[in-house]
Amino acid sequence: MTDGARSATPPGLTPREVATHCPYCALQCGMTLRADDAGVTVHPREFPTNRGGLCQKGWTAAELLDHPDRLTTPLVRDAATGELHPASWDDALDRVVAGIRAVQHDAGRDAVAVFGGGGLTNEKAYALGKFARIGLRTRHIDYNGRFCMSSAAAAGMRAFGIDRGLPFPLADLGRADTLLLVGANPAETMPPLVRWLTEQRRNGGKLIVIDPRVTATARQADLHLQPLPGTDLAVANALLHIALTEGWVDRDYVADRTTGFDAVRRGVAAWWPARAEQLSGVPVADLEATARALGTGGRVIILTARGAEQHAKGVDTVTAYVNLALALGLPGRDGSGYGCLTGQGNGQGGREHGQKADQLPGYRKIDDPAAREHVAGVWGVPADELPGPGVPAYQLLDSLGTPGGPRALLVFGSNPVVSAPRAARIEGRLRDLDLLVVADLLLSETATLADVVLPTAQWAEEDGTMTNLEGRVLRRRALRPPPPGVRTDLAIISDLAARLADAEPTDVDPASVRPAAVAAARFPADPAAVFAELRRASAGGAADYAGISWDRIDADDGVYWPCPTEDGPDTPRLFADRFATADGRARFHPVDHRPAAEEVCATYPLHFTTGRVLAQYQSGTQTRRVAALRRAAPEAFVELHPDLATRLGIDDGDPVRVTSRRGEFRAPARLSAGIRPDTVFAPFHYAGAGRANSVTNDAVDPISGMPEFKICAVRVEKA
Ligand code: SF4
């Protein structure tokens, strides 16, 4: 298959229809795209996860295909005027290559960095990681998935030896007797998933939600625990304390399948329920009712999401819920378990194949000599040519343009000007670069700062694979080729690799300059060829895709990794017999509550937390341009409790200013009794004056590098 070519027409569809998946979140709902004289339309498709459901974002996704804001030619910044102007592909790519070579010549290979995205297909994520490591030979690559679920990934790795969001199919949720959601609001972030929650309760199950706000999901719960932001860890330790006291811990499971429980048992002994209530505000009776439902509930599932993760103690918070799940004997038990709800469309696959600073394809560690040998062998380079680990996303962004930091950045599928914490500071760092290159389909806020903007294909114009929240690898199928003037990300990477190889040798490392033809062959633009290579590179790794073919995905409604052989089974459920650790046992880790990185004070007396709304997605680059979504959620808002509003002299709809030590943003007030009076909330999808990330804290988790999006101290006043 050639770049941009159409997939074969699946059985039952006309040549002008294609069975694919939504471009947005990790639920990756099945949909059919149909082209007719009126344009491209979206039709829901029966698929095991969404069962024919789509949310408003999915329904309207095709509107961007022919949107007037769509980029259809490269843009290059004119040095004299400072404006972006249309340019030919040759001129734009030459400018990129000249800029990269100049920076490498002056400051070395690590002075060029790459920033990827959790929406890129597996093929793109793989190619981008490979391009960074052997095309640019820089250690600096990371991606916006670091802001999404890196804390759960790290907690899963240290407890289970593997990181797969859900280690069981989504359908298991419908069978759970007790389902605990921690910091998850799927009713707004992935509405079709709610069908499973409805089914669960119809089957007599109990739904418990832990969230500081009365969200659309919390309203459906049998029990809602509403802790102070940043106290989820203490709540988990108290739940385990109660389970121990009541004798609900599965001692046989703990003895046979885990290590390290004694230290956890000693740690949670200090978290008697009244102490947790004093800290979190969750009544003892609710803690006891929750522990009882978990400890005596038959099939029990605990799920965490961004609310638990996006803290400077996110790994420890998730670990506390993993400890609870292990103590109750849940992981690996039929119908039970612990899982994390992934956010971005390919948040799972995007981190498995080399976009993360410390990882090589197949979820291999870049500092593991055997992993380096294997991947270098597939790439046809000596292992010692591969750079070492880089730094996590925020650290990378915050070092741009600073002494010793990268001076050139290539961004694919990400908009950190809106999505990064302490965003004004990151915007300044981007402005300080010698060269900023952004590949995107629209002129995002980050792209407006770029020296070169490269227009890329959309999801309906490319083939590839995505890995959903269950670890199920899916096919993305092209309905039509990209419009004239637009290239796929894979084609851009291939072009850049060829031109970099062809560029004048420099004193960076003349020996490493390779002929263009060799470089182009090494970076094919054909997604099928890239996937074939990805399979070889991932073979033997934790996320083993070696046995996954596109044909098999078509035949089986997706294939769960690990899947090492084409004729062997895939793995819908993990941990039935053993965990992915050396001795097959899961690991307990004692964790304790610690305060947020920034506490409230007289000047900044309120807790601030961020989140999502149904009609917008991530930084909003795409969804803010869709008419129906813009009408539904046109601007940022500041949600605050009526009692707090009265105290501050604020009425519903008044413009308010939210100020932290890092900056401010403005948005209309939205009064809601569903939020704690000591906490205010805003969605983070918006740019400009309504950019919530102007105030968020850039403190990061020491293990995962996850920023503390979910809590900081602010002042709120009428603007
Ligand atoms: S945004 Fe998510 S929930 Fe909505 S249709 Fe797309 S994949 Fe499904």
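Note that the structure is predicted; figures quoted are calculated from it, not measured.

Trainee: What am I meant to see in the packing of aromatic side chains here?
Mentor: Each pair of aromatic rings is reported with the distance of its centres and the angle of its planes. One pass over the full model with this rule turns up twelve aromatic pairs. Seen from their ring centres, Y24 and Y617 are 5.2 Å apart, and the 50° between their planes marks the pair as tilted. On the criterion of sequence distance, the pair formed by Y24 in the loop between β1 (17-21) and β2 (30-36) and Y617 in the loop between β23 (606-611) and α23 (627-632) is long-range, its members being 593 residues apart. In this pair, the class of Y24 matches that of Y617, namely buried. A centroid spacing of 6.2 Å and a plane angle of 40° characterise the contact between F531 and W550, whose relative ring orientation is tilted. Of this pair, F531 sits in helix α21 (residues 527-538) while W550 sits in helix α22 (residues 550-556), and the two are 19 residues apart along the sequence. As far as burial versus exposure is concerned, F531 and W550 are alike and both buried.

Trainee: Even after reading the chapter, I still don't get helix α10 (residues 273-280), so can you show me in this structure?
Mentor: Owing to its 3.6 residues per turn, the α-helix aligns residues three or four sequence positions apart on the same side. Of all the residues in α10, the buried ones are P273, A276 and S280. One side of α10 holds all its buried residues, which, seen down the axis, span an arc of 60°. Elements that come into contact with the buried residues of α10 comprise α7 (232-246) and α11 (284-295).

Trainee: Please explain the pattern of salt bridges as it appears in this structure.
Mentor: A pair can form between side chains of opposite charge whenever their charged atoms are brought close. If you walk through the whole model with that rule in mind, you get 48 salt bridges. For R573, the salt bridge identified is with D172, shortest N-O distance 2.6 Å. Placement of the pair is R573 in the loop between β21 (559-560) and β22 (586-587) and D172 in the loop between α4 (150-160) and β8 (178-182), with a sequence separation of 401 residues. Residue class for R573 comes out partly exposed when judged on its relative accessible area of 40%. Under the relative-accessibility criterion, D172 is labelled buried at 3%. Residues D316 and R594 are paired through a salt bridge, measuring 2.8 Å at the closest nitrogen-oxygen approach. Of the two residues, D316 sits in helix α13 (residues 314-327) while R594 sits in the loop between β22 and β23, which places them 278 residues apart along the sequence. One salt-bridge network, held together by shared partners, links D66, R70, E461 and R480.

Trainee: Before we go on, may I ask you to explain the site of the ligand in this structure?
Mentor: What surrounds the ligand is the set C22, Y24, C25, Q28, C29, L54, C55, K57, G58, M190 and P192. Of the residues belonging to the shell around the ligand, the class tally is eight nonpolar, two polar and one charged.

Trainee: Whenever I open this one, the sheet that holds strand β19 (residues 464-467) confuses me. Can you help?
Mentor: Sheet strands pair by backbone hydrogen bonding; their relative direction is either parallel or antiparallel. What the three strands build is an open sheet, ordered β19-β20-β21; its pairing is antiparallel. Edge strands, defined here as strands with exactly one partner in the open sheet, are β19 and β21. Note: strand β20 (residues 472-476) against β21, two bridges, orientation antiparallel. Each bridged residue has a counterpart across the sheet, and for R472 the counterpart in β21 is Y560.

What counts, and where the lines are drawn
Residues numbered from 1 in each chain as written. Predicted model: local features only at pLDDT ≥ 70, side-chain atom pairs only at ≥ 80, totals over all residues. Heavy atoms only, no water. Phe/Tyr/Trp six-rings, centres within 6.5 Å; stacked < 30°, edge-to-face > 60°. Helix = DSSP H or I, 4+ residues; strand = E, 2+ residues; numbered from the N terminus. Buried < 20%, exposed > 50% of the residue type's maximum accessible area, 1.4 Å probe, protein only. Arc of directions from axis to C-beta. Contact = heavy atoms within 4.5 Å. Salt bridge = Lys/Arg side-chain N within 4 Å of Asp/Glu carboxyl O. Near = heavy atom within 4 Å. Nonpolar A, V, L, I, M, F, W, Y, C, P; charged D, E, K, R; others polar. Pairing = 2+ DSSP bridges.

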